[in-house]
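# Structural description and commentary
These are the residues of each chain, in order.
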Amino acid sequence: MKKIKINSPFVLIFTFLSFIVLILGYISNNYITNTFFCTYRSSIFNPLMYLRLFTHTLGHNNFQHWLNNILYLLILGPILEEKYGTKNLTIMVLICSFVIGIVNNIFFTSGLYGASGIVFMFIILASITNLEKGTIPLTFILVVVLYLGGEVVHSFSNDDISQLTHILGGIIGSFFGFYLNKKQG
């Protein structure tokens, strides 16, 4: 009989926590999500503002939003966690969350929640996992053009999607991918 193995601790914990946050949001008519798991411009004297800079990635507005993000994380996360390690992946996600939260609070008055910035970071990281010294993988170039280029084009549409979050996640993923692969090489 085969045993079930916990192969990606960070991604599994993130998935579990974000699902709990989703349920709490449904139970509280999104009060808990908006209070603790949505980042938005607020007083610098409000301690929750600083918490939300990190926790907004756990909040989602509905099941489909959560599922769209989590499926990517579950597909790409184990590969990345094996390559970079749980500690490094956790640090990358925290930095990505913080940068996206800060940028949203500085430039926008709307609230922001969801893990799509992390998803885009993971997509870019996955496209450069086999980086060789002195090269840029064609897969990386294609992913940047197709995914991030598409986000730039869609940023001119009037919807409730934060394309800037996706673009920032991709940029952060590029930075970490090249930095960590250079460091390991």
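Residues numbered from 1 in each chain as written. Predicted model: local features only at pLDDT ≥ 70, side-chain atom pairs only at ≥ 80, totals over all residues. Heavy atoms only, no water.

### Looking at the overall build of the protein
Of the regular secondary structure elements, the protein holds eight helices and zero strands. Listing each helix as α and each strand as β along the protein from the N terminus yields α-α-α-α-α-α-α-α. For the protein, the spread of C-alpha atoms along the three principal axes comes to 50 × 50 × 30 Å. Looking at the protein residue by residue over its 185 residues, the buried ones come to 43%. Taking as baseline every contact in the protein between residues at least 6 positions apart, the subset at least 24 positions apart corresponds to 74%. Accessible surface, the protein as shown: approximately 10800 Å² in total, 70% of it carbon and sulfur. Taking the average location of the 10 positive side-chain charges in the protein and that of its 6 negative ones, the two points are 14 Å from each other. (Helix = DSSP H or I, 4+ residues; strand = E, 2+ residues; numbered from the N terminus. Buried < 20%, exposed > 50% of the residue type's maximum accessible area, 1.4 Å probe, protein only. Contact = heavy atoms within 4.5 Å. Areas by Shrake-Rupley, 256 points an atom, 1.4 Å probe, with all protein chains shown as cover. Lys, Arg positive; Asp, Glu negative; His and termini not counted. Charge placed at Lys NZ, Arg CZ, Asp CG, Glu CD.)

### Looking at helix α3 (residues 47–55)
Listed in full, the buried residues belonging to α3 are Met 49, Arg 52, Leu 53 and Thr 55. N-capping of α3 is provided by Asn 46, with a side-chain oxygen placed 2.9 Å from the backbone N of Leu 48. (Polar contact = N/O pair within 3.5 Å; in protein donor to acceptor, adjacent residues only side chain to side chain.)

### Points about the side chain of Ser 18
With respect to the element layout, Ser 18 can be found in helix α1 (residues 9–27). Among the polar contacts listed, one links the side chain of Ser 18 to the side chain of Trp 66, at a separation of 2.8 Å. Leaving out residues up to four positions away in the same chain, Ser 18 has contacts with Leu 58, His 60, Trp 66 and Ile 70.

### Regarding the packing of α1 against helix α5 (residues 86–107)
One can describe the packing of α1 onto α5 by two numbers: an axis separation of 9 Å at closest approach and a directional angle of 45°. For the element pair α1 / α5, the angle class is oblique. Two secondary-structure elements touch here, α1 through Pro 9, Phe 10 and Val 11 and α5 through Thr 86, Leu 89, Thr 90 and Val 93. For the contact of α1 with α5, the class distribution of residues is five nonpolar, two polar and no charged. (Axes fitted to C-alpha atoms, helices over the stretch in contact; angles between N-to-C directions. Parallel < 35°, antiparallel > 145°, perpendicular 65-115°, else oblique. Nonpolar A, V, L, I, M, F, W, Y, C, P; charged D, E, K, R; others polar.)

### Structural notes on the nonpolar core
Phe 14, Leu 73, Met 92, Met 121 and Phe 122 are the most contacted members of the largest nonpolar core, which has 37 residues in total. Among the secondary structure elements, those contributing two or more residues to this core are α1, α4 (63–84), α5, α6 (116–127), α7 (138–154) and α8 (163–184). Here the element with the most residues in this core is α6; it accounts for eight residues. Contacts of Phe 14, omitting those with residues within four sequence positions, involve Thr 57, Leu 58, Ile 70, Leu 73, Ala 115 and Ile 118. (Core = buried A, V, L, I, M, F, W, Y, C linked by side-chain atoms within 4.5 Å.)

### Some details on the environment of Gly 134
Tracing the backbone shows Gly 134 in the loop between α6 and α7. Linking Gly 134 and Asn 105, residues 29 residues apart in sequence, is a C-alpha distance of 37 Å.

### Looking at a nonpolar patch on the surface
A contiguous nonpolar patch, built from Ile 13, Phe 16, Leu 17, Phe 19, Ile 20, Ile 23, Leu 24, Tyr 26, Ile 27 and Phe 63 and spanning about 940 Å² of accessible area, is present on the exposed surface. The dominant element in the nonpolar patch, judged by the number of residues it contributes, is α1, at nine residues. (Patch = residues over 30% accessible without salt bridge, like charges linked within 9 Å, V, L, I, M, F, W, Y side chains within 5 Å. Salt bridge = Lys/Arg side-chain N within 4 Å of Asp/Glu carboxyl O.)

### Let's talk about the confidence of the model for the protein
In this model, the protein carries an average pLDDT of 90, and 94% of its residues clear a pLDDT of 70 or more. Within the protein, the lowest mean pLDDT, 83, falls on α7, and the highest, 97, falls on α1. (pLDDT = per-residue confidence, 0-100.)

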